[in-house]
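# Inside the fold
Residues per chain are reported as follows:
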Amino acid sequence: MVINYLENARQQFKYYKSLGERTFEQLEEIDLFWQPNPSSNSIAVIVNHLWGNMLSRWTDFLFTDGEKEWRNRDLEFKEVIKSKEELLQKWEAGWTCLFKALETIDQRNFNTTIYIRNQAHTPLEAINRQLAHYAYHVGQLVYIGKLVKETSWKSLSIPIGKSSDFNKTKFSKGKH
């Protein structure tokens, strides 16, 4: 079950990473800095936060608290990213850190106690916590992308009006 869970977690993280990337592909550089209103975050700010969170949570995952002393969370919510290239570099660096950390977890250390802000977690609990957190923020990225692109947005899932076609294709393949 441990191996199955870890593989499923990796697949889910990869799925959310791909949603973000498919959003970025549809956007111009200027779109990454657009905010629906002054109190909302831009895509660039959300990516900066995800990057900071991922580096903090996943660096030395099994041995040090997930809230690193060097993390400056407040700065993550400032417009520090200045280009699409920088955004993509931070995006990739965060995910790389996460996936490398996941590779260190196995049946031998799956019940290890780790800490996030001094709160005890099993690796399973920490993974679930971060999976939910990242899905939340990737959903924000996608929504902002849809707001920016309006009618030119290309759906990342089943397009509206295509559910029957999608289901027909899926069910024609049988159980798998």
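Rules used throughout
- Numbers given to residues run from 1 along each chain, matching the order in which its sequence is written.
- With the structure being a predicted model, the display of local features is reserved for residues of pLDDT at least 70 and the display and counting of side-chain atom pairs for 80 or more, all residues being used for whole-chain, interface and lining totals.
- Computation of side-chain values covers all heavy atoms of the structure but excludes hydrogens and water.
- Runs of E in the DSSP output that reach at least two residues are strands. Runs of H or I that reach at least four are helices, and both are numbered from the N terminus.
- Three exposure classes are used, based on accessible area relative to the maximum for each residue type with a 1.4 Å probe and protein chains only: buried under 20%, partly exposed in between, and exposed over 50%.
- The criterion used for residue contact is that any of the two residues' heavy atoms lie within 4.5 Å.
- Note on areas: Shrake-Rupley with a 1.4 Å probe; residue coverage comes only from the protein chains shown.
- Counted as positive: Lys and Arg. Counted as negative: Asp and Glu. His and the chain ends are not counted at all.
- Each charge is placed at NZ for Lys, CZ for Arg, CG for Asp and CD for Glu.
- Any Lys or Arg side-chain nitrogen located within 4 Å of an Asp or Glu carboxyl oxygen qualifies as a salt bridge.
- Take the buried residues of types Ala, Val, Leu, Ile, Met, Phe, Trp, Tyr and Cys, join any two whose side-chain atoms come within 4.5 Å, and each joined set is a nonpolar core.
- Patches draw on residues past 30% relative accessible area with no salt bridge. Two like charges within 9 Å are joined, as are two nonpolar side chains (Val, Leu, Ile, Met, Phe, Trp, Tyr) within 5 Å.
- Fitted lines through C-alpha atoms serve as axes, helices being fitted only where they are in contact, and the angles separating the N-to-C directions of these axes extend from 0 to 180 degrees.
- Angular relationships are summarised with four words: roughly parallel below 35 degrees, roughly antiparallel beyond 145, roughly perpendicular across 65 to 115, and oblique for the angles in between.
- A clockwise turn of the near helix away from the far one marks a right-handed crossing, whereas an anticlockwise turn of less than a right angle marks a left-handed crossing.
- Any residue outside Ala, Val, Leu, Ile, Met, Phe, Trp, Tyr, Cys, Pro, Asp, Glu, Lys and Arg is labelled polar, Gly included; the first ten of those are nonpolar and the last four are charged.

### Concerning the overall build of the protein chain
- The secondary structure content of the protein chain amounts to six helices and two strands.
- Going residue by residue from the N terminus, the α and β elements of the protein chain occur as α-α-α-α-β-β-α-α.
- Taken along the three principal axes of its C-alpha coordinates, the protein chain extends 50 × 45 × 25 Å.
- Scored against the burial criterion, the 176 residues of the protein chain give a buried share of 40%.
- The long-range share in the protein chain, meaning contacts at least 24 apart out of those at least 6 apart in sequence, stands at 73%.
- Per element, the accessible surface of the protein chain, about 10,600 Å² overall, is 53% carbon and sulfur.
- Considering the protein chain, the positive charge centre built from 24 side chains and the negative charge centre built from 21 side chains are found 7 Å apart.

### Focus on the pattern of salt bridges
- Summed over the entire model, instances satisfying the criterion amount to nine salt bridges.
- Residue Arg10 pairs with Glu103 through a salt bridge whose shortest N-O separation is 3.7 Å. In this pair, Arg10 sits in helix H1 (residues 2-25) while Glu103 sits in the loop between helix H4 (84-102) and strand E1 (114-116), placing the two residues 93 residues apart along the sequence.
- We classify Glu103 as exposed; its relative accessible area is 56%.
- With a shortest N-O distance of 2.5 Å, Lys17 and Glu21 are connected by a salt bridge.

### Regarding the nonpolar core
- Counting residues in each nonpolar core, the largest one holds 42 residues, and the members touching the most others are Phe13, Ile43, Trp58, Ile127 and Leu141.
- Those elements that place two or more of their residues in this core are H1, helix H2 (43-58), H4, E1 and helix H5 (123-149).
- Look past the residues within four positions of Phe13 in its chain and what remains in contact with it is Trp58, Trp95, Leu98, Phe99, Leu102, Ile127, Gln130, Leu131 and Tyr134.

### Examining a nonpolar patch on the surface
- Nonpolar side chains collect at one region of the surface, where Trp34, Tyr143 and Leu147 lie side by side and expose about 300 Å² of accessible area between them.
- Within the secondary structure, Tyr143 is located in helix H5.
- Note on Tyr143: relative accessible area 52%, which makes it exposed.

### Considering the packing of H2 against H5
- For the pair H2 and H5, the least separation of the axes is 10 Å and the interaxial angle reads 165 degrees. Taken together, the axis directions place H2 and H5 in an arrangement best described as roughly antiparallel. Seen from above, H2 lies across H5 with left-handed handedness. When H2 is examined against H5, the residues Ile43, Ile46, Val47, His49, Leu50, Asn53, Met54, Arg57 and Trp58 are found in contact with a partner set consisting of Ile127, Arg129, Gln130, His133, Tyr134, His137, Gln140, Leu141, Ile144 and Gly145.
- Here the contact of H2 with H5 is built from residues that sort into 10 nonpolar, seven polar and two charged.

### Structural notes on the packing of H1 against H5
- Close contact between H1 and H5 brings their axes to 9 Å; oriented N to C, the two are set at 20 degrees. Judged by the angle between their axes, H1 and H5 are roughly parallel. Of the two elements, H1 crosses H5, and the hand of that crossing is left-handed. Every residue of H5 that contacts H1 at Tyr5, Leu6, Ala9, Gln12, Phe13, Tyr16, Leu19, Gly20, Thr23 and Phe24 is listed here: Leu124, Ile127, Asn128, Gln130, Leu131, Tyr134, Ala135, Val138, Leu141, Val142 and Gly145.
- Split into classes, the residues belonging to the contact of H1 with H5 amount to 15 nonpolar, six polar and no charged.

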